[in-house]
Amino acid sequence: MDLKDEIVINAPQAVVYAALNDAEILKDCIPGCEELIKHSDTELEAKVVLKVGPVKARFNGTVTLSPDNPPERFSLTGEGNGGAAGFARGGAQVDLAEHPEGTLLRYDAHADIGGKLAQLGSRLIHGTAKKLAAKFFKNLADRVGANEAA
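None of the values given here were measured: they were computed from a predicted structure.

About the criteria used
Residues numbered from 1 in each chain as written. Predicted model: local features only at pLDDT ≥ 70, side-chain atom pairs only at ≥ 80, totals over all residues. Heavy atoms only, no water. Core = buried A, V, L, I, M, F, W, Y, C linked by side-chain atoms within 4.5 Å. Buried < 20%, exposed > 50% of the residue type's maximum accessible area, 1.4 Å probe, protein only. Helix = DSSP H or I, 4+ residues; strand = E, 2+ residues; numbered from the N terminus. Contact = heavy atoms within 4.5 Å. Pairing = 2+ DSSP bridges. Axes fitted to C-alpha atoms, helices over the stretch in contact; angles between N-to-C directions.

K.L.:
Help me understand the nonpolar core, please; the structure alone is not making it clear to me.
P.N.:
A general feature of soluble globular proteins is that nonpolar side chains tend to end up buried together. Counting 31 residues, the largest nonpolar core has Ile9, Val16, Leu20, Leu105, Tyr107 and Leu140 as its most contacted members. Of all elements in the fold, only strand S1 (2–9), helix H1 (13–20), helix H2 (23–29), strand S2 (33–38), strand S3 (43–52), strand S6 (87–99), strand S7 (102–114) and helix H3 (122–149) reach the threshold of two or more residues within this core. Considering every element that reaches this core, the biggest residue donor is H3, with 7 residues. What Leu140 contacts, discounting residues up to four positions off in sequence, is Ile9, Ala19, Leu20, Ile25, Cys29, Leu105 and Gly145. One finds Val55, Ala57, Leu117 and Ile125 within the second-largest nonpolar core, a separate group that totals 7 residues.

Following this line, the structure appears as structure tokens:
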């Protein structure tokens, strides 16, 4: 499954980059996130509850951040296990560019899923993933933009 999108965030590039590397901000922005532990500058551990169609599961996972060219670009990889519901693993490339209204954030992500989740059908999975990604980036834009306006 592949996802691509972009969003304009009303904050400077350095502020958006810092927010994307702040465990507390990420925890608040990730839909269903119960816990996010920062083990190092590049290693995070997460517990997230998600509902995809009829399947609801608690995922335990890890995320590794790779600052390719801060603050313009970084990538991340991760994997999560939802027990009987299945697993997910993937990665994303995130690009940040100056924009007249703040920062243009573009992402290009790929994920592989297995288990019960994979049996739900690609349309349901893709639709849910797009909705969750959009909610995350809206939450991030609201949080970072609100902090800049304050």
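K.L.:
What is the right way to read the pairing of strand S5 (residues 73–81) from this model?
P.N.:
Consecutive side chains of a regular strand alternate in pointing toward one face of the sheet and then the other. In terms of strand pairing, strand S4 (residues 55–69) meets S5 through 8 bridges, oriented antiparallel. Paired with Leu65 across the strands is Leu76, a residue of S5. Linking S4 back to S5 in an antiparallel pair, the connection comprises 3 residues. Where S5 meets S6, 9 bridges bridge the pair, whose relative direction is antiparallel. Across the sheet, residue Glu79 finds its bridge partner in S6, namely Arg89. With antiparallel pairing between neighbouring strands as the criterion, S5 and S6 make up a hairpin whose turn holds 5 residues, including Gly83 at a positive phi of roughly 65 degrees.

K.L.:
I'm lost on the sheet that holds S7 in this one. Help?
P.N.:
Sheets are built from strands paired through backbone hydrogen bonds, the pairs being either parallel or antiparallel. In space, the 7 strands of this open sheet follow the order S1-S7-S6-S5-S4-S3-S2, with antiparallel pairing throughout. Looking along the sheet, the strands with just one partner apiece sit at the ends: S1 and S2. The average angle at which neighbouring strand axes cross in this sheet is 20 degrees, direction not considered. Against the sheet, H1 touches S1, S4, S5, S6 and S7, its axis set at about 165 degrees to S6.

K.L.:
Looking at this structure, I do not really get the side chain of Asn21. What am I missing?
P.N.:
Within the fold, Asn21 resides in the loop between H1 and H2. Asn21 has contacts with Lys38 and Leu65, leaving out every residue within four places of it along the chain.

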